[in-house]
Amino acid sequence: MNQAITEPSSPLPPITRVPAAWIFAGLVGGLALGLLLALRLPQSLPDVLAVAGPVGDLWLRALRATILPLVVALLFTGVAQTVAAASAGALARRALLWFMIVLVGGSAMAGLLTPLLLSVLPIPQGAAEALRTAVATTPAKAATMPGLADFITSMVPSNVVTSAAEDAVLPVILFTAAFAAAATRLGTAHRQSLTTFFEAVAGAMLVVIGWVLWCAPLGVFALSLTVAAKSGTAAIGALAHYVMIVALVGTVVFLAAYPIAIFAGRQKPGEFARAVMPAQALALSTQSSLATLPAMLAACRRLGLGDARSEFVLPLAVALFRGTGPAMNFAVAIYVAHWFNVPVDSFHMLAGFAVASVMSFGAVSLPGSISFVTSIGPIAMSMGVPVEPLALLVAVEMLPDLMRTLGNVTMDVAVTAAVAARED
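Source: prediction; values computed, not measured.

Colleague: Could you clarify how one ought to interpret the overall build of the chain in this entry?
Modeller: The helix and strand inventory of the chain stands at 20 helices and zero strands. In the chain, which comprises 424 residues, the share counted as buried stands at 53%. Considering only contacts in the chain between residues 6 or more positions apart, those separated by 24 or more positions represent 87%.

Structure below.
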C-alpha cells in the first residue's frame, strides 16, 4: 500500500545532475574574476560584460521557462497522491493533518519572522543598492492590485492560458489544484490516464531542467562576474547575509520538531535527541531525506514507535512532506522583496503564504539545486517579486540546504511520533 501511495506509477527518468559544489565554484570564480577585472583591468570590463551579460541572461531565461509547466505537473500529481493517501485510512489522514499543521504553521512563522529579522539585521545598504543595479529584473507588479475585490477576482482566471502567459501564478495554481481534485472523482481508467500524463510531463520537464542546470556553473559564473564587476565586494556580504537569514528561519522549524516529539509524540527529550542524531548526521552528509529514510526508520524503532506505523508514515512524509520547505521558501521570496525594494501589500503576502503552504505537495525529492527555482519561483511570482535573483541565489543553496534537510529529517521523525502517540 505504501508503494502505491508514495511513489508515482512510473519512475522519474534519469536527470542530469551537476554537483552543487560545481555551481558554487562557478559563483566563486565569477565573483573573483569580476573583482579582479574591476580593480585591475577596468578598461576591459565593457568587452567582458558584453559577453557575460547575454550568457547569464540566456541561462536565466531558460531556467525561468521551466517553472510554470513543471509546477503545474508536479502540483497535479501531488494533489492526486495526497487524495490517494487520505483514502488509505485513519492513520494516513492523521499524518496528512500533521503535515498540514506544520506546513501552514511554518509559512505563517516565516511571514512574521523574516520581516522581523530583516528589521533587526537589515540587508547591508551598500550591498543591496549595488546588487539591485547589477541584477537585471522585470518590473515589480505587487502594487498593481490595490483593492481586496480586485485581488479576490484575480484568483479566478477567466482564461487560465492567459494567466499563465502573464505569470499570474496564483490563479494557475488554484485552477490546477481544483482540476486535480476533480480528476480524483473520475473513474479509475480516466483518473489514471490523467495522472500518467502529468507524471510524464513532470518527468520530461525534470529532464529539461536537468539540462539547464548542467549549464548552471557557466550561467552562474557569467551572472556573478557581472554582479561583482558592478557591485564589487558588496556582493559577497549580501550573499552571506541572505544565507544567515534563511538558515535562521529554517532553524526555527528544526527546533520546533523537538516540542512536537515531546508533547504530541510523548517522547522524552534526551531519548528523542539521541535516537534521531544518527539520521541527522546522515542528513547533513547526504542532503537528501530519501537517502536518510533507513536511518529515520531505525530512529523510530529505537523510540518504540512500531514498524507498521513508522514504515507507513515515514515514506509518506518523504514523498509529500518537507517540513522546512514552506518556511524557508517563503523567507527567500520575502528576502528578495526587501532586497529589491518591492512593495508587497498584505494581499500579496497572503498569496505568497498560500502558495508556499501548498507547493510543498508539488515539490520533488531531489537536491536543492534542482527544486530551488521551481519551488520558490511560484511564491515570488504570486507576490510580484522578481525571480531573476534566484538564478544567483541557487549558487549558494548548498548552504541553506543543509538546514533544510536537517529540519526535514528531524520533523519527519517527530511527526511520526505524534501520529503513533495518537494511535496508542
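Colleague: I'm lost on the side chain of S357 in this one. Help?
Modeller: As for its placement among the helices and strands, S357 is situated in helix α17 (residues 346-359). A polar side-chain atom of S357 sits 3.1 Å from a polar atom in the side chain of S107. Excluding residues that lie within four positions of it along the chain, S357 makes contacts with L103, V104, S107 and P326.

Colleague: In this structure, what is going on with a nonpolar patch on the surface? I would like to understand it.
Modeller: Nonpolar side chains collect at one region of the surface, where L116, V120, L121, M244 and L248 lie side by side and expose about 420 Å² of accessible area between them. Residue assignment for the nonpolar patch shows that the elements contributing at least two residues are α5 (90-120) and α12 (234-264). Checked against the element boundaries, L248 lands in helix α12.

Colleague: What is the right way to read the confidence of the model for the chain from this model?
Modeller: Atom-level detail of predicted coordinates should not be read off regions where pLDDT is low. For the chain, the average pLDDT comes to 84, and 88% of its residues sit at 70 or higher. Across residues 1-10 the pLDDT falls below 50, and counting only partners more than four positions away or on other chains, this stretch makes 21 contacts in the model. A low-confidence stretch, residues 138-146 (pLDDT under 50), is modelled with 20 contacts involving residues beyond four sequence positions or located in other chains.

Colleague: Just to check I follow, could you spell out the nonpolar core for this structure?
Modeller: Nonpolar side chains tend to gather and get buried jointly when the protein is soluble and globular. W59, Y242, V332, W339, F372, L390 and L393 are the most contacted members of the largest nonpolar core, which totals 128 residues. Looking at this core element by element, the count peaks at 14 residues for α12. Other than its neighbours up to four places away in sequence, L393 contacts L239, Y242, V332, V336, W339 and F372.

Colleague: I would appreciate a short explanation of the pattern of salt bridges in the present structure.
Modeller: Oppositely charged side chains are able to pair whenever their charged atoms sit close together. One pass over the full model with this rule turns up three salt bridges. For R64, the salt bridge goes to E388, with nearest N and O atoms at 3.2 Å. You can see R64 sitting in helix α3 (residues 45-65) and its partner E388 sitting in the loop between α18 (368-382) and α19 (390-393), a full 324 residues away along the chain. Judged by relative accessible area, which is 23%, R64 ranks as partly exposed. Its relative accessible area of 8% is what places E388 among the buried residues.

Colleague: Would you take a moment to explain unusual backbone geometry for this structure?
Modeller: Non-glycine residue R266 carries a positive phi angle of around 60°. On the basis of relative accessible area, R266 is assigned to the exposed category, the value being 62%. Of note in the backbone geometry, Q287 takes a positive phi value of approximately 55° without being a glycine. In this fold, Q287 is placed in the loop between α13 (269-286) and α14 (293-302).

Colleague: Whenever I open this one, the environment of L316 confuses me. Can you help?
Modeller: Inspection of the secondary structure puts L316 in helix α15 (residues 307-320). For the pair formed by L316 and A85, sequence separation is 231 residues and the distance between their alpha carbons is 8.0 Å.

Colleague: Please clarify how the side chain of T195 should be interpreted in this entry.
Modeller: For T195, the location among the structural elements is in helix α10 (residues 188-214). Apart from the residues within four sequence positions on either side, T195 is in contact with F76, T77 and A80.

Colleague: Explanation requested: the packing of aromatic side chains in the structure shown.
Modeller: Each aromatic ring pair is described using two quantities: the centre-to-centre distance and the angle formed by the ring planes. Inspection of the entire model under this criterion finds eleven aromatic pairs. Geometrically, the ring pair formed by F179 and F198 is edge-to-face, given 6.2 Å between the ring centres and 70° between the ring planes. Of this pair, F179 sits in helix α9 (residues 169-183) while F198 sits in helix α10, and the two are 19 residues apart along the sequence. Taking the relative accessible area as the measure of exposure, F198 reaches 11% and is therefore buried. When the centroid spacing of 5.1 Å and the interplanar angle of 80° are considered together, the rings of F197 and F198 count as edge-to-face. Grouping aromatic residues by their ring pairs yields a cluster made of F76, F175, F179, F197 and F198.

Colleague: Mind showing me how you'd approach α17 here?
Modeller: Since one α-helical turn is 3.6 residues long, residues separated by three or four positions face the same way. Look at α17: 20 Å from first C-alpha to last across 14 residues, which is about the 20 Å you get at 1.5 Å a residue. Among all positions of α17, only H348, A351, G352, V355, A356, S357 and M359 are buried. Between a side-chain oxygen at the N-terminus of α17 and the backbone nitrogen of F347 the separation is 3.1 Å; the capping residue is D345.

Colleague: Any chance you could explain the environment of P400 here in plain terms?
Modeller: Residue placement: P400 occurs in helix α20 (residues 400-423). By relative accessible area, P400 is classed as buried at 0%. Distance from P400 to I245, taken between C-alpha atoms, is 9.4 Å for residues 155 residues apart in sequence. Contacts of P400, omitting those with residues within four sequence positions, involve V243, V246 and M328.

About the cut-offs
- Residues numbered from 1 in each chain as written.
- Predicted model: local features only at pLDDT ≥ 70, side-chain atom pairs only at ≥ 80, totals over all residues.
- Heavy atoms only, no water.
- Helix = DSSP H or I, 4+ residues; strand = E, 2+ residues; numbered from the N terminus.
- Buried < 20%, exposed > 50% of the residue type's maximum accessible area, 1.4 Å probe, protein only.
- Contact = heavy atoms within 4.5 Å.
- Polar contact = N/O pair within 3.5 Å; in protein donor to acceptor, adjacent residues only side chain to side chain.
- Patch = residues over 30% accessible without salt bridge, like charges linked within 9 Å, V, L, I, M, F, W, Y side chains within 5 Å.
- Areas by Shrake-Rupley, 256 points an atom, 1.4 Å probe, with all protein chains shown as cover.
- Salt bridge = Lys/Arg side-chain N within 4 Å of Asp/Glu carboxyl O.
- pLDDT = per-residue confidence, 0-100.
- Core = buried A, V, L, I, M, F, W, Y, C linked by side-chain atoms within 4.5 Å.
- Phe/Tyr/Trp six-rings, centres within 6.5 Å; stacked < 30°, edge-to-face > 60°.
- Expected span 1.5 Å × (residues − 1).

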